[in-house]
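Residue-level listing of the chains:
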Number of protein chains: 2
Amino acid sequence: MKELLINTDEPYRVLVGRGLLRDMGQWLRAAGAPAARALIVTDTHVGPLYAQTVADALSAGDCAADIFTVPAGEEYKTPETLISICRELARLEYTRRDLVVALGGGVVGDMAGFASAVYQRGMRFVQCPTTLLSAVDASVGGKTAVDLPEGKNMIGAFHQPSLVVCDTGTFATLPPQRMSDGAAEIIKHAAIADEALFAQMRSEDWQRTPDDIVARNVAIKRSFVIGDERDQGKRQMLNFGHTIGHAVEAWSGYTLSHGQSVAIGMVMEMRAARRLGLSGVHEAPMVEALRANHLPVSTEATPEVLLRYALHDKKRQQRQISLTVLREWGKAELVSVELDDFLRFIEAGGGA
Amino acid sequence: MKELLINTDEPYRVLVGRGLLRDMGQWLRAAGAPAARALIVTDTHVGPLYAQTVADALSAGDCAADIFTVPAGEEYKTPETLISICRELARLEYTRRDLVVALGGGVVGDMAGFASAVYQRGMRFVQCPTTLLSAVDASVGGKTAVDLPEGKNMIGAFHQPSLVVCDTGTFATLPPQRMSDGAAEIIKHAAIADEALFAQMRSEDWQRTPDDIVARNVAIKRSFVIGDERDQGKRQMLNFGHTIGHAVEAWSGYTLSHGQSVAIGMVMEMRAARRLGLSGVHEAPMVEALRANHLPVSTEATPEVLLRYALHDKKRQQRQISLTVLREWGKAELVSVELDDFLRFIEAGGGA
């Protein structure tokens, strides 16, 4: 088992290892986060596989467990589902001294985390990511949210978990595409912060050592998040590939996954930055790593269409768009592009 | 105009005076909280009276203002109304750098404050209380919330305003009963913290100097809240009269107002504390002050019924109930009563 300390205002630990869910009660006590009661929030995909295991492990640790199952899928990441979790907590008369356990991927983590942030103005929660993507991404950082019809993650809270338990054995039940989605974020982390990890991602062999890979990614994300929990500075570097990626994702009507969209976004942003002299790093190794992990590297969307989606996404920003570019593999910096020059940037990212 | 500094982690000012709403733009700039855009959230009672005044004053200060009106009444303090505010912010493409202005009583303040706490994970808000009760109570402390069918204020956030502007001229349009509701909380503050203020509340003359009264109450509330924002210690003294008061309020099916219920609760808790030897202070002056302000001092509810409501309200607590008792007028302390002794406590609070 690997263990990392996340040094936010209220520090917490991330545990990474195969089979950890079977000993949840033990990890809670070891983390100094014992609770009399815990509501396990999970979804219709993950619940049948692991919820009873976690409930039994909590009970064995003197923590009475209830299970609440929400419908699986981003389309249910809504205020209505959020309120249903809060009402279940209220119906069962949970107090702010009790615990929420988020058991599932990023959607479950975002919603259960948000519910725990607002129920009785805040209770503790423990994150149990069961996808590679949520293990390397959403389980560090404290961002929780639900979507509105007007946009993704429009309401939410910054709320740090008390503990993250990442059982890498759960990845075995993931469909291949969801492993690829995680790979996209790993490649992003590697590109901006860890050249050796990037080299490793150029084949699929990394899947043989998921504990090591997850722990390294948690450490990378931690290095960008700590000291910038509210996303004002260096944390923005984690948006590498995301400016164009979000536009591609919205353009596709969310038929492309977040990981697939970010993959395309990284290639296009790198190519544009190179062609416009903002970066000296060639995107060819990126294309190779993404392809090795079954991720797309280009889109049919025209620059004009992508601009429209990107501007809608960024309208909240000022007259400039902040972009992450690579100085070299494993080192990134933020640059500003004038809004008026952004079409030219997207155009430069196209082609091959 | 009176001005008080509230020294939370992010300090803010409370301005108290007649006619202040007409210069909102000026106060925002003076408070170092300028904004390009502000959504004024108000209700169907207050909006027609003051929303346009505030919008004009903001525009005069180079802050573009929109108005969003929610239905008046505690029965609309729901997740649905909360989401409607957030969706309006999203529809109008507000950013986290913009502002929410809560214009109304405690219900509007709680909801608009909560919306600003979670929209894009947190934006600033300015509180403009238009009732005596919200001016002396809800505008200090940073508690925001909405109700669930399972209970009041069940979901919410701790979120401090950037500025509180209390225009005491707005009280002139309040029905008498809502002035009484405010008086109940003022009498509570006076009893636990300010003997001279208590003496003043034994007639209605205090209504001639609302600025002074509001400012003194804000200062009292500040003294209990600062350093205990999360309600773990001395802030609990503000619950004087509330343990039995909440039970009376729930028993009445909310036909008794919060102020009326707390009035009854203060008398009963004082009488019980005196009879059981927990306090040496007689409740007769309290009865006199409440009657002078047209507030009730007794209830038809039986002790057994009140116990049932009180236990439901307090089930979230441990084996003991924490109660505020007076050591002398203007000085309070917390005492613990065993849950098993609480029926005897309520019984001792009855009669005359």
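Keep in mind that what you see is a predicted model, and the values were worked out from it rather than measured.

Chemist: I'm lost on the overall build of chain A in this one. Help?
Modeler: The secondary structure content of chain A amounts to 13 helices and eleven strands. In summary, chain A has a C-alpha radius of gyration of 20 Å against a globular reference of 20 Å for 352 residues, a match within 12%. Taking the principal axes of its C-alpha atoms as reference, chain A extends roughly 60 × 40 × 35 Å. Every one of the 352 residues in chain A was classed for burial, and the buried ones make up 58%. Restricting to contacts in chain A with at least 6 residues of sequence separation, those with at least 24 account for 73%. Only carbon and sulfur atoms are counted for the fraction: they give 48% of the accessible area of chain A, which is about 13,700 Å². With 37 positive and 43 negative side-chain charges, chain A shows a spacing of 2 Å between the two charge centroids.

Chemist: Would you take a moment to explain helix α11 (residues 284-292) of chain A for this structure?
Modeler: The α-helix winds at 3.6 residues per turn, so residues separated by three or four positions along the chain end up facing the same way. When we look at burial in α11(A), the residues that qualify are A:P285, A:M286, A:V287, A:A289 and A:L290. Among the residues trailing α11(A), A:H294 stands out with phi positive, at a value near 60°.

Chemist: Please explain the relation of the copies chain B and chain A as it appears in this structure.
Modeler: Note: a rotation about an axis with an accompanying shift along it relates these two copies of the chain. When chain B is fitted onto chain A, the two copies agree to an RMSD of 0.0 Å after a turn of 180° and an axial shift of 0.0 Å. Expressed as an axis order, the relation between the two copies is that of a two-fold axis. Distance from the rotation axis, computed per C-alpha, reaches its smallest value in chain B at B:P79: 4.2 Å. In this assembly the copies share their binding face: 100% of the residues contributing to the interface of chain B also contribute to that of chain A.

Chemist: Before we go on, may I ask you to explain the side chain of A:H159 in this structure?
Modeler: All names here are of chain A. Among the secondary structure elements, H159 is positioned in the loop between β8 (151-158) and β9 (163-167). With a relative accessible area of 17%, H159 lands in the buried category. For H159, the side chain forms a polar contact with the main-chain oxygen of M123, separated by 2.9 Å. Here H159 is in contact with G113, S116, A117, M123, F125, G142 and T144, once residues within four sequence places are set aside.

Chemist: What is the right way to read the pairing of strand β2 (residues 12-17) of chain A from this model?
Modeler: Remember that side chains alternate between the two faces of the sheet whenever the strand is regular. All names here are of chain A. Burial of β2 is extensive: five of the six residues sit out of reach of the surface. With five bridges connecting them, strand β1 (residues 2-6) and β2 associate as antiparallel partners. Bridge pairing in β2 places L4 opposite V14. Two strands pair when backbone bridges link them, and β2 and β9 are joined in this way by five bridges, in the parallel orientation. Residue R13 lies in a different strand from β9, and its bridge partner there is L163.

Chemist: When you look at the interface of chain B and chain A in this model, what are you seeing that I'm missing?
Modeler: The parts lose accessible area when they come together, and the size of an interface is often stated as this lost area. Contact with chain B, which involves 34 residues of that partner, is made by 34 residues of chain A. In total, about 3,000 Å² of surface goes out of reach between chain B and chain A, with carbon and sulfur atoms giving 56% of it. Viewed at the interface, chain A and chain B are joined by two salt bridges. Put simply, A:E150 and B:R87 hold a salt bridge, and the shortest N to O gap is 2.9 Å. The interface formed by chain B and chain A contains eight residue pairs in polar contact (both at pLDDT 80 or more). Residue composition of the side of chain B that touches chain A, grouped by class: 15 nonpolar, eight polar and eleven charged.

Chemist: Would you mind showing me how to read the sheet that holds strand β9 (residues 163-167) of chain B here?
Modeler: Residues and elements named next belong to chain B. With mixed pairing, the seven strands of this open sheet are ordered in space as β1-β2-β9-β6-β5-β3-β4. Sheet topology places β1 (2-6) and β4 (64-70) at the edges, where each strand pairs with a single neighbour. The sheet shows a mean angle of 20° between the axes of neighbouring strands, taken without regard to direction. Across the face of the sheet, helix α4 (residues 106-118) comes into contact with β3 (37-43), β4, β5 (99-104) and β6 (124-129) while running at roughly 170° to β5. The strands touched by helix α8 (residues 210-225) are β1, β2 (12-17) and β9; relative to β1, the strand with the most contacts, the crossing angle is about 10°.

Chemist: Would you explain unusual backbone geometry in this entry?
Modeler: A positive phi angle is found at A:H294, which is not glycine, with a value near 60°. Of note, A:H294 is situated in the loop between α11 and α12 (303-314). Positioned with a positive phi, B:E93 is a non-glycine residue whose angle comes to about 60°. Looking at the secondary structure, you find B:E93 in the loop between α3 (79-91) and β5.

Chemist: So what exactly am I meant to see when it comes to the pattern of salt bridges here?
Modeler: Two side chains bearing opposite charge may form a pair once their charged atoms approach each other closely. Here the structure, examined in full by the defined rule, presents 33 salt bridges over all chains. A salt bridge links A:K188 to A:E185, with the shortest nitrogen-to-oxygen separation between them at 2.8 Å. Of this pair, A:K188 and A:E185 both sit in helix α6 (residues 176-193), three residues apart, which is roughly one turn of the helix. Considered together, A:K188 and A:E185 belong to a single accessibility category, that of buried residues. Linking B:D194 and B:R216 is a salt bridge whose minimum nitrogen-to-oxygen distance equals 3.5 Å.

Chemist: Just checking my understanding: could you explain the sheet that holds β1(A) for this structure?
Modeler: Sheets are built from strands that pair by backbone hydrogen bonding, the pairs being arranged parallel or antiparallel. Residue and element names in this part refer to chain A. Strand order in the open sheet formed by seven strands is β1-β2-β9-β6-β5-β3-β4, with mixed pairing between adjacent strands. The open sheet has two free edges, formed respectively by β1 and β4 (64-70), since each of these has just one partner strand. Strand-to-strand twist in this sheet, taken as the mean axis angle between neighbours without regard to direction, amounts to 20°. For strand β3 (residues 37-43) and β4, the ladder comprises seven bridges, and the chain directions are parallel. Considered in β4, the bridge of T42 is made with T69.

Chemist: Would you mind going over the nonpolar core with me for this structure?
Modeler: A general feature of soluble globular proteins is that nonpolar side chains tend to end up buried together. Counting 59 residues, the largest nonpolar core has A:F114, A:Y119, A:I155, B:F114 and B:I155 as the members making the most contacts within it. Among the elements that take part in this core, α4(B) stands out by supplying eight residues, more than any other.

Chemist: Explain the domain arrangement of chain A here, please?
Modeler: Residue and element names in this part refer to chain A. As far as domains go, chain A holds domain 1 (2-173) and domain 2 (176-348). Taken together, the contacts link 26 residues of domain 1 with 28 residues of domain 2. In this assembly, domain 1 packs against domain 2 so that about 2,400 Å² is buried in total across both faces, 67% of it on carbon and sulfur atoms. Viewed at the interface, domain 2 and domain 1 are joined by two salt bridges. For the salt bridge of E249 with K152, the shortest nitrogen-to-oxygen distance reads 3.3 Å. Linking domain 1 with domain 2 are six residue pairs in polar contact (both at pLDDT 80 or more). If you list the elements that add at least two residues to the side of domain 1 that touches domain 2, you get β1, β2, α5 (132-138) and β8. The residue makeup of the side of domain 1 that touches domain 2, split by class, is 14 nonpolar, seven polar and five charged.

About the criteria used
- Residues numbered from 1 in each chain as written.
- Chains lettered and ligands numbered in written order.
- Predicted model: local features only at pLDDT ≥ 70, side-chain atom pairs only at ≥ 80, totals over all residues.
- Heavy atoms only, no water.
- Helix = DSSP H or I, 4+ residues; strand = E, 2+ residues; numbered from the N terminus.
- Rg over C-alpha atoms; globule rule 2.2 N^0.38 Å.
- Buried < 20%, exposed > 50% of the residue type's maximum accessible area, 1.4 Å probe, protein only.
- Contact = heavy atoms within 4.5 Å.
- Areas by Shrake-Rupley, 256 points an atom, 1.4 Å probe, with all protein chains shown as cover.
- Lys, Arg positive; Asp, Glu negative; His and termini not counted.
- Charge placed at Lys NZ, Arg CZ, Asp CG, Glu CD.
- Least-squares fit on C-alpha atoms with pLDDT ≥ 70 in both.
- Polar contact = N/O pair within 3.5 Å; in protein donor to acceptor, adjacent residues only side chain to side chain.
- Pairing = 2+ DSSP bridges.
- Buried area = accessible area lost by both parts, 1.4 Å probe.
- Salt bridge = Lys/Arg side-chain N within 4 Å of Asp/Glu carboxyl O.
- Nonpolar A, V, L, I, M, F, W, Y, C, P; charged D, E, K, R; others polar.
- Axes fitted to C-alpha atoms, helices over the stretch in contact; angles between N-to-C directions.
- Core = buried A, V, L, I, M, F, W, Y, C linked by side-chain atoms within 4.5 Å.
- Domains from an automatic or database assignment.

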